[in-house]
Amino acid sequence: MSTKLQIYNTLTRKKEEFEPYNAPHVGLYVCGPTVYGDPHLGHARPAITFDLLFRYLTHQGYKVRYVRNVTDVGHLENDADAGDDKIAKKARLEQLEPMEVVQYYTLRYQDAMKELNVLPPSIEPRASGHIIEQIEMVKQILDNGFAYQSNGSIYFDVEKYNAKHNYGKLSGRNIEEMISNTRTLDGQNEKRNGVDFALWKKASPEHIMRWPSPWSDGFPGWHLECSAMSTKYLGQPFDIHGGGMDLMFPHHECEIAQSVAAHGHEAVRYWMHNNMITINGQKMGKSLGNFITLEELFSGSHKLLEQVYSPMTIRFFILQAQYRSTLDFSNEALQAAEKGLQRLMAANRMLDRIKPSDSSTVDVADLPSRAFAALSDDLNSPIAIAVLFDWVRNINSLAEGKEKITQSDLETLTKEFRAIVFDVLGIVDEQSGGSKQAELTGKLIDMLLTMRLEAKARKDFETSDRIRNQLTEMGVTVRDRKDGFDWEIA
RNA sequence: GGUACCGUGGCCGAGUGGCUAGGCAGCGGUCUGCAAAACCGCGUACAGCGGUUCGAAUCCGCUCGGUACCUCCA
């Protein structure tokens, strides 16, 4: 499967063939969470999108270094706050150390990602652990004349930068217009211009998250961490920078400007942006009352949710849309995804029941060739899944003997099907636990159902129904089959 | 207001000039002691109007509707 990967590059607004800068190595940087609250639905989309990319590239034989940061300092709430950052604010509110809050939510995030079967990145650096690197970068930008000091804080001089370079090229913004629009409004704060952004902020006296720097005790501006850490771990330039579309402006725009101002050239070769998630057609937001955390989803505890949705249902649902499309969450859509996933998993188990023949009536090469062709086209996972469902039908026909397959083709099919479903799409069969307990439970259920089968054989339907009914009460769905039985823990 | 993007069958969601995905729901059938499940089969839809073309969901224009970003956001 050596179809070349095509990536939609936000910078050029078109699909481009992906050529690593230093093959077979690939550098991938993705904006991670700001750890000041519980992980929510919005965090799941980029995590899963770029997990798919990571898995796909790895599967294709690339050596990928995947860096996904944790933002644990310096997220300015807004200009009015001038010096308060989100994390410090929350910390005072709850009477906790900032790092305690950060630790708590970082673990919450990582746990949720694990549930979604998102692989841990190669490096998960924290902004707070890279203050020195960020200070160094501020110095470089100052030395190159693209920043100025104001009352202990350092700001990036967007107007000056834009005179030589193009600020706004990523998001398609006309910065001259923005400058003329904002200039009149300003004058009340330290910035020369409203569009300037902070590289270093002086901490106000009550501000508890602070580090010494040549300019003041303070903290780095938000955009700086990604520039500093991507450079540190991936070098310059590096291949792919990903994140949510909402980060395109100003965050990623600022990253580009910082790189050029500090190093004289851009750092990123391909920019990828996943689209947003909507809920019942509306953007998810705290003020709209439709803000759903991942835990609420997994436990079904949010008032908009009719039932529990398992992590794999969420993952599968997200993969059923292409990452650049908006994706609308609704009970109906999630339930459809849940059913579809169950069918896919059932087919996977069915693979083990297929009896080989001496010839094949199906072309097993079709599955990987079409599925990987889809994925190589800017990660078109919905098409890849459609191909899988074509093969679900084939697998069922094979299991019923309507189609035939040789032993060697069957092995290929099983291997390819599972590679795509489990390794690349990152699906997990939630039925097949894995723990000793789950294994034992499975064996016990098998035993009971075997006894039921024996009861049925001697037409002792009272016993057979009793076993089935009691299992049903315990939440085990029993299905009779021609060749025995099948069950599922609901 | 500026800048992008989108509008596909009951729902979700691919498809970017002819070959008309896929899932869920629905309908029909098979299987079955009963039940459930499962499995098989079935759907010519592309906001509206106009244009280009032999031919458009796909290109162009207009109209209507929606979303996102422009402030922290994934």
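The paragraphs below set out a description of the structure included in this document. All residue numbers refer to positions counted from 1 along the written sequence of the respective chain. Here the convention is simple: chains get letters from A, ligands get numbers from 1, in the order in which they are written. Where local features are concerned, this predicted model is filtered to residues with pLDDT of at least 70; where side-chain atom pairs are given and counted, the filter is 80 or more; whole-chain, interface and lining totals use all residues. Calculation of side-chain values draws on the structure's entire complement of heavy atoms; hydrogens and water are dropped beforehand.

1. Notes on the sheet that holds strand 6 (residues 153-156)
One open sheet holds the four strands; their spatial order is 5-6-7-8, and the pairing between them is antiparallel. Each edge of the sheet is formed by a strand with only one pairing partner; in this case those strands are strand 5 (147-150) and strand 8 (218-220). When strand polarity is set aside, the average angle formed by the axes of neighbouring strands in this sheet is 20°. Across three bridges, the pairing between strand 7 (residues 197-202) and strand 8 is antiparallel. Two strands form a pair only when DSSP identifies at least two bridges running between them. A helix here means a DSSP run of H or I that spans at least four residues, while a strand means a run of E at least two residues long, and both kinds are numbered starting from the N terminus. Only C-alpha atoms enter the line fits that serve as axes; for helices the fit covers just the stretch in contact. Angles between N-to-C directions range over 0 to 180 degrees.

2. Some words on the packing of helix 15 (residues 436-457) against helix 16 (residues 461-473)
When two helices pack together, their arrangement is captured by the angle between the axes and the distance separating the axes. Orientation of helix 15 relative to helix 16, taken along the N-to-C sense of each, is 155°, at an axis distance of 7 Å. The pairing of helix 15 with helix 16 is recorded here as roughly antiparallel in orientation. Crossing handedness for the pair helix 15 and helix 16: left-handed. Residues Leu448, Leu449, Met451, Arg452, Ala455 and Lys456 of helix 15 touch helix 16, and the partners they reach there are Phe461, Thr463, Ser464, Ile467, Arg468 and Leu471. Angle categories are assigned with fixed cut-offs, so that under 35 degrees is roughly parallel, over 145 is roughly antiparallel, 65 to 115 is roughly perpendicular, and the rest are oblique. Crossings are classed by handedness, with left-handed meaning an anticlockwise turn of the near helix from the far one by less than a right angle and right-handed meaning a clockwise turn. Any two residues whose heavy atoms approach within 4.5 Å are treated as being in contact.

3. Considerations on the packing of helix 4 (residues 131-143) against helix 8 (residues 248-263)
It is at 7 Å that the axes of helix 4 and helix 8 come closest, and there the two elements cross at 70°. Judged by the inter-axis angle, helix 4 sits roughly perpendicular to helix 8. For the crossing formed where helix 4 meets helix 8, the hand is left-handed. Residues Met137, Gln140 and Ile141 of helix 4 lie in contact with helix 8, whose contacting residues are Gln258, Ser259, Ala261, Ala262 and His263. Its residues assigned to classes, the contact of helix 4 with helix 8 shows four nonpolar, four polar and no charged. We call Asp, Glu, Lys and Arg charged. Ala, Val, Leu, Ile, Met, Phe, Trp, Tyr, Cys and Pro are nonpolar, and the rest, Gly among them, are polar.

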